[in-house]
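Structure assessment
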Amino acid sequence: MIDWIEANQAVLSVCVSLATLLVWVIYAQLLYSGFRRQRTPRVIINRGRKRDLDALCIISNMSQEAIYVEYIIATLKTSLGTVTMDVTDFERDSTEEREDEEGDRQTVAVTPENIRENTRQGPLLSGEFMHIGTFNDLVRRMARQADIPMQGHRPEGDIQLESLTIEVVALYGPEPKPVSASRDFSIDSNKSGGTLTPTSWRTRQGISFLQRRRLCKMVDKMNETNFFMTSTISRDKR
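Just so it is clear, the model here is predicted, and its values are computed rather than measured.

Helix and strand counts for the chain come out as 4 helices and 15 strands. A buried classification covers 36% of the 238 residues belonging to the chain. Pairs at least 24 apart in sequence give 63% of the contacts found in the chain among residues at least 6 apart. Taken as a whole, the chain presents about 15000 Å² of accessible surface, with 52% of it coming from carbon and sulfur.

The following block contains the structure:
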């Protein structure tokens, strides 16, 4: 046995070196996979409380670090076109009657003082979640801005709701370029109510180089134009 080892010492040395290299490669791959998993952002968009249009739209940060939500964009697809709208800020203005210095009562607008009651822009820590209202609130808000009259959960006339897409644009930790998360929900509305069904079991993550580059251009354009809403639905179509 010893003679055989001495005779094949060179071959055994090569085999041991290759085995050691293989172990180190596997170990390095495990370390890289763990590091990449920790550095990869993951944002989940889902329904909450209910399973129809009255469900809450919940955004959860399942990343290892906090994210900073910059924009929340909703796209409503109908049979006559689409409506895209920035829904980062809530519609929370209300009115109340107050007395002026002369004792006369006047109706004035009241805006919540808490910034979290006005906007969902801001940091979302790891493991935290927030909701941006119900899907029905989002649909009705977008329909109102696009001059689409609604009757319950469905629009009036021949126009039909088809789907709603929610996209979150955020900054992740020290990363200089934004990331995104988006999910599509199909809508089937009728007089009695409306169903809301995710088209896929997962939330799409926009984290690749090309996707982040596209997001940079999109955010720059939105900031330059003070983007609020665009619509391809014309009055003639309705």
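We are not done yet, so read on.
Turning our eyes to something else, we now look at a nonpolar patch on the surface. A cluster of nonpolar side chains, contributed by Val-14, Leu-18, Leu-21 and Val-25, occupies part of the molecular surface with about 370 Å² of accessible area. Relative to the assigned elements, Val-14 resides in helix H2 (residues 9-39). Exposure remark for Val-14: the relative accessible area of 48% places this residue in the partly exposed category.

The subject of this paragraph is the confidence of the model for the chain. Mean pLDDT over the chain works out to 82, with 78% of the residues at or above the 70 mark. Across residues 94-98, where pLDDT falls below 50, the model places 19 contacts with residues more than four positions away in sequence or in other chains.

All right, on to the side chain of Ser-180 then. On the secondary structure map, Ser-180 appears in strand S12 (residues 179-190). The buried category is assigned to Ser-180, whose relative accessible area is 7%. With residues near it in sequence (within four places) discarded, Ser-180 still touches Glu-167, Val-168, Val-169, Arg-204, Gln-205, Gly-206, Arg-214 and Leu-215.

What follows deals with the pairing of strand S3 (residues 67-78). Along S3, 9 of the 12 residues are buried, which leaves the element largely enclosed by surrounding structure. Inspection of the sheet shows S3 paired to strand S7 (residues 122-124) by 3 bridges, in the antiparallel sense. Among the inter-strand pairings, Ile-67 is bridged to a residue of S7, identified as Leu-124. As defined by bridge partners, S3 adjoins strand S11 (residues 161-172) across 11 bridges and the pair is classed as antiparallel. The partner of Ile-72 across the bridge, within S11, is Val-168. In the sheet, S3 pairs with strand S4 (residues 81-86) via 6 bridges, with the strands oriented antiparallel.

Analysis parameters
Residues numbered from 1 in each chain as written. Predicted model: local features only at pLDDT ≥ 70, side-chain atom pairs only at ≥ 80, totals over all residues. Heavy atoms only, no water. Helix = DSSP H or I, 4+ residues; strand = E, 2+ residues; numbered from the N terminus. Buried < 20%, exposed > 50% of the residue type's maximum accessible area, 1.4 Å probe, protein only. Contact = heavy atoms within 4.5 Å. Areas by Shrake-Rupley, 256 points an atom, 1.4 Å probe, with all protein chains shown as cover. Patch = residues over 30% accessible without salt bridge, like charges linked within 9 Å, V, L, I, M, F, W, Y side chains within 5 Å. Salt bridge = Lys/Arg side-chain N within 4 Å of Asp/Glu carboxyl O. pLDDT = per-residue confidence, 0-100. Pairing = 2+ DSSP bridges.

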